[in-house]
Amino acid sequence: MSSLLANLNAEQLAAVTLPDEPALILAGAGSGKTRVLTTRIAWLIQNGRVSPAGILAVTFTNKAAKEMQTRLSSMLPINTRGMWIGTFHGLCNRMLRAHFRDAGLPQTFAILDSQDQLSAIKRLLKGLNVDDEKYPPKNLQYFINNAKEQGLRPADVEANDDFNRRFVDLYAAYDEQCQREGVVDFAELLLRCYELLRYNDAIRQHYQHRFRHVLVDEFQDTNVLQYQWLKLLAGYGSGNAAAVFAVGDDDQSIYAFRGANVGNMRDFEQEFRVRHLIKLEQNYRSHGHILDSANHLISHNARRLGKNLRTDAGHGEPVRVFQAGSDGQEASWIVEEIRDQIAQGMSRSEIAILYRSNAQSRVIEHALFSSGIPYRVYGGLRFFERAEVKHALAYLQLIENPRNDAAFGRVVNFPTRGIGAKSLEVLQDAARQYNCSLAEAVAYVPGKAGSSLGAFIRLIEQMRAETSRMTLAQTVEYVTNTSGLMTHYQTEKEGQDRIENLQELVTAAQAFVVEEGYGLEALGRMLPANRDAMPALAQGEQDQQVLDPEQLPVVMTPLVAFLTHASLEAGDNQAQAGQDAVQMMTVHAAKGLEFNVVFITGLEEGLFPHENSAMEADGLEEERRLMYVAITRARARLYLSFAQSRVLHGQMRYHVRSRFFEELPEASLKWITPQGQAYGAYGSGSGRQSSERESAWGRDWFKRAEDVPYTGVKPTGGMDTGKNYAEEKRAAATGFRVGQSVFHNKFGEGKIKALEGEGADARANIDFKRHGTKWLALSVAKLDAID
DNA sequence: CCCGATTGCGTTTTT
DNA sequence: CGCAATCGGG
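Residues numbered from 1 in each chain as written. Chains lettered and ligands numbered in written order. Predicted model: local features only at pLDDT ≥ 70, side-chain atom pairs only at ≥ 80, totals over all residues. Heavy atoms only, no water.

## Some points on the overall build of chain A
Secondary structure summary: chain A contains 30 helices and 21 strands in total. Here chain A holds 787 residues, and the buried ones make up 54% of them. If you take every contact in chain A between residues at least 6 apart in sequence, the share linking residues at least 24 apart comes to 76%. Surface exposure of chain A reaches about 34,800 Å², of which carbon and sulfur atoms provide 49%. (Helix = DSSP H or I, 4+ residues; strand = E, 2+ residues; numbered from the N terminus. Buried < 20%, exposed > 50% of the residue type's maximum accessible area, 1.4 Å probe, protein only. Contact = heavy atoms within 4.5 Å. Areas by Shrake-Rupley, 256 points an atom, 1.4 Å probe, with all protein chains shown as cover.)

Structure, rendered in structure tokens:
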């Protein structure tokens, strides 16, 4: 028992062993937050204060939830699978599946991801003949999600003018459409679950009675609805409330733009009469200069709960600051520093390059690529979001529920079956006229269109029949083949990756069955793989008396579970792990991670802090928190850089260094002057700005941009700024440069993306308009420059 | 129906 | 500038 608590510091120990009362843990960056959270759970269970079934622990990401489960099972010999540990959406989904009838949902409801939601909205607007110039689908999507995240149904939304009233009406129409099709979007999962608890006394009381301890991770990121949900679930104000253990860091709140409400921390403290507020201020990650920089910076924020990180690690190295003439120069400087680090034995994956916006990655990628340094860029499409995977999933959804019009529309003519826009229009009109789904409306479409559509319906029915006795993986494989998707991509010239992804989907289905335990054991229970074996459930014969989901029969077939998994957990960004590579990502994406060496790039007014943040209330403070998050990612070495000129949206822009430099402790900084450049005006001490003027910083920024004299090399725009020196040398030797348009006798016109090697080894990476990207040896290929 | 051309847009993102 | 979505010709 003592081993659980061993190695905890005094603050951590106090938090872990708090009595069963509401508590707020202010956990600074690198202070062992996850450790405290999981140890608390383990400690509660081990001391018999609560059974595993009496705990609910909630996070924002699947990654965090998984991490918590893994750590917990390493601390205690218990099976965490059945425990209520998950994301807000995952736990809500679980409750809604168990109580689908009370929630007013079909048993097999599908979950729309953001893309699906947007296309559902587009479809809705088209059907209602709404001018999508005046009511852009994106805006409506934002409006709907925003309302839902405030807990507002259409009837609750105040509309003070005709324009807004229209939005509210469309919101109502959208909800009706979703209900009709048996689909639920992300925000709806939460709102529907909230309403289930709110309006169903028996269910609410059941869960309130059951969960004695509710633990919340990243509490500063909760939105209004999530907090309301937590209050309801914890039985706030009932006299028998669960002990809510909220862990968060107001200084790391960086998601206001998507609804996070830091105010929830203050509200929680007051509403729950929190008597235990514990600050975890001991940092186990960063060296002194880095931590001093973080503390100093964040002290410029006005509204804080107050916290100061400390470390035993010693000062370490100073923070290195670099001023570049251009974005290209910044990139080549980064490359040089990284080369040095690698030469000194630093592992590439321990080096991270952070930036405020994704667009900044391009120049840096290019520089890394030309130098042959392996790198990995985070972000982009995830596995279950890829078009070909979504197509396959749509077929699977139609097997489960043919009324899913979104799925129907996605694949009715993919691969093409001669069902064009005209036919679909007729079908949609019929569906509207008879107030039924697209699949049901097929019966009313006459002629050739009708027979093509009929054939599609029969295809789906055939799939349903044929797969009813198959395993999940067999089903997925059968569907990718029978749908014609495989054949389609085989004939497409760039289809190889897509085929591999479809094969990967089969593998994922296989792995899912194993992981989720839908194996022989489940077959013995009630053959969930066999839908025909579940007549009682198919008729919705759920035992209303049994409230505990664990006592309910398996309500999800493996297929429904897999589809749910696909929506709720979009999968990894990229499979290309493996190689030891430099990590590149936005500051947002870096939250929660740590690296030995960190570069924070593009520290310029307008970029970081971002110019748009001046428009929003509290915008600058959020940017500062973002910078705080960025700084605290670094363990041993931190680099900060900015460029005087930068190509943005194809245009050269001139920037002044970020105000954040003025908010860092001079004693912890070491300014690096680029060779051959004076840097007087940018030295420390000049241009100090008082923080009281922050409110008008947008205008200030322009003024400063003019006021600050350039004593260094003033960028003149065009070629000679920001060139990688090595590249320049190469360009001189080969007569070619990156970005140059060239003509090849066989491949035609192309553009040079990269140059490598020298002399006889010189090669160029060329993106040909017609033939894709190729590496060509310059000594062999006959290339002509085009101007 | 497919492909090339044109147009528009550009902060951050998980579920 | 680079991309994604949409448009229009063959």
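Moving on from the model shown.
## Some details on the UniProt feature "binding site: ATP" (unreviewed entry) in chain A
Per the UniProt record, "binding site: ATP" (unreviewed entry) is found at Ala27, Gly28, Ala29, Gly30, Ser31, Gly32, Lys33 and Thr34. Within the fold, Ala29 resides in the loop between strand 1 (23-27) and helix 3 (33-46). Leave out the neighbours within four places in its chain, and Ala29 touches Asp249, Gln252, Asn283, Arg285, Leu309, Thr632 and Arg633. Its place among the elements puts Gly32 in the loop between strand 1 and helix 3. In this structure Gly32 comes out as partly exposed when scored by relative accessible area, which is 24%. (UniProt positions renumbered as here; feature names shortened; annotations may be inferred.)

## Structural notes on the protein's contact with DNA strand B
Around DNA strand B sit 23 residues in total, of which Asn62, Ser114, Arg356, Asn358 and Thr586 are the nearest. Within the side chain of His649, a nitrogen or oxygen atom sits 3.1 Å from a base nitrogen of DNA strand B. (Near = heavy atom within 4 Å. Polar contact = N/O pair within 3.5 Å; in protein donor to acceptor, adjacent residues only side chain to side chain.)

## Observations regarding the packing of aromatic side chains
This structure, assessed with the given rule, holds 28 aromatic pairs. Ring geometry for Tyr135 against Phe163: centres 5.1 Å apart, planes inclined by 20°, an arrangement best described as stacked. Of this pair, Tyr135 sits in the loop between helix 6 (114-127) and helix 7 (137-149) while Phe163 sits in helix 8 (residues 162-181), and the two are 28 residues apart along the sequence. Tyr135 sits in the buried class, given a relative accessible area of 5%. You can call Phe163 partly exposed: its relative accessible area is 37%. Through pairs of rings, three or more aromatic residues link up here, namely Phe219, Tyr227, Tyr236, Phe268 and Phe272. Directly above the ring of Tyr135 sits Arg166, whose terminal nitrogen or CZ lies 5.4 Å from the centroid. Directly above the aromatic system of Tyr255 lies the positively charged group of Arg258, at a separation of 3.6 Å from the ring centroid. (Phe/Tyr/Trp six-rings, centres within 6.5 Å; stacked < 30°, edge-to-face > 60°. Lys NZ or Arg CZ within 6 Å of the ring centre and 35° of its normal.)

## As for the protein's contact with DNA strand C
The environment of DNA strand C is formed by Arg362, His649 and Gly650. For DNA strand C, the fraction of atoms within 4 Å of the protein that belong to sugar or phosphate moieties is 43%.

## Describing the sheet that holds strand 7 (residues 243-248)
Taken in spatial order, the six strands make up an open sheet running 3-2-6-7-1-8, and their pairing is parallel. Either end of the sheet is taken by a strand with one partner, and the two such strands are strand 3 (84-87) and strand 8 (276-280). Averaged over all pairs of adjacent strands, the angle between their axes in this sheet comes to 15°, without regard to strand direction. By the bridge criterion, four bridges tie strand 6 (residues 213-216) to strand 7 in an arrangement that is parallel. Among the inter-strand pairings, Val216 is bridged to a residue of strand 7, identified as Ala246. Running at roughly 145° to strand 1, helix 12 (residues 263-271) makes contact with strand 1, strand 7 and strand 8 of the sheet. (Pairing = 2+ DSSP bridges. Axes fitted to C-alpha atoms, helices over the stretch in contact; angles between N-to-C directions.)

## Brief notes about a negative patch on the surface
A cluster of like negative charges, contributed by Glu492, Glu494, Asp497 and Glu500, occupies part of the molecular surface. Looking at the element boundaries, Asp497 is found in helix 23 (residues 496-516). Overall, the relative accessible area of 53% leaves Asp497 in the exposed class. (Patch = residues over 30% accessible without salt bridge, like charges linked within 9 Å, V, L, I, M, F, W, Y side chains within 5 Å. Salt bridge = Lys/Arg side-chain N within 4 Å of Asp/Glu carboxyl O. Lys, Arg positive; Asp, Glu negative; His and termini not counted. Charge placed at Lys NZ, Arg CZ, Asp CG, Glu CD.)

## Things to note about the packing of helix 9 (residues 186-199) against helix 10 (residues 201-210)
Packing of helix 9 against helix 10 brings their axes to within 5 Å, and their N-to-C directions diverge by 100°. One element, helix 9, and the other, helix 10, form an angle in the roughly perpendicular class. Taken together, the residues of helix 10 that come into contact with helix 9 (itself represented by Leu196, Leu197, Arg198 and Tyr199) are Asp201, Ile203, Arg204 and Tyr207. Taken together, the residues of the contact of helix 9 with helix 10 sort by class into five nonpolar, no polar and three charged. (Parallel < 35°, antiparallel > 145°, perpendicular 65-115°, else oblique. Nonpolar A, V, L, I, M, F, W, Y, C, P; charged D, E, K, R; others polar.)

## Observations regarding the packing of helix 13 (residues 288-298) against helix 28 (residues 619-631)
Running from amino to carboxyl end, helix 13 crosses helix 28 at an angle of 170°, the nearest separation of the two axes being 9 Å. One way to sum up the angle between helix 13 and helix 28 is to call them roughly antiparallel. Along the contact surface, helix 13 presents Ile290, Ser293, Ala294, Leu297 and Ile298, while helix 28 presents Arg624, Arg625, Met627, Tyr628 and Ile631. In terms of residue class, the contact of helix 13 with helix 28 is made up of seven nonpolar, one polar and two charged.

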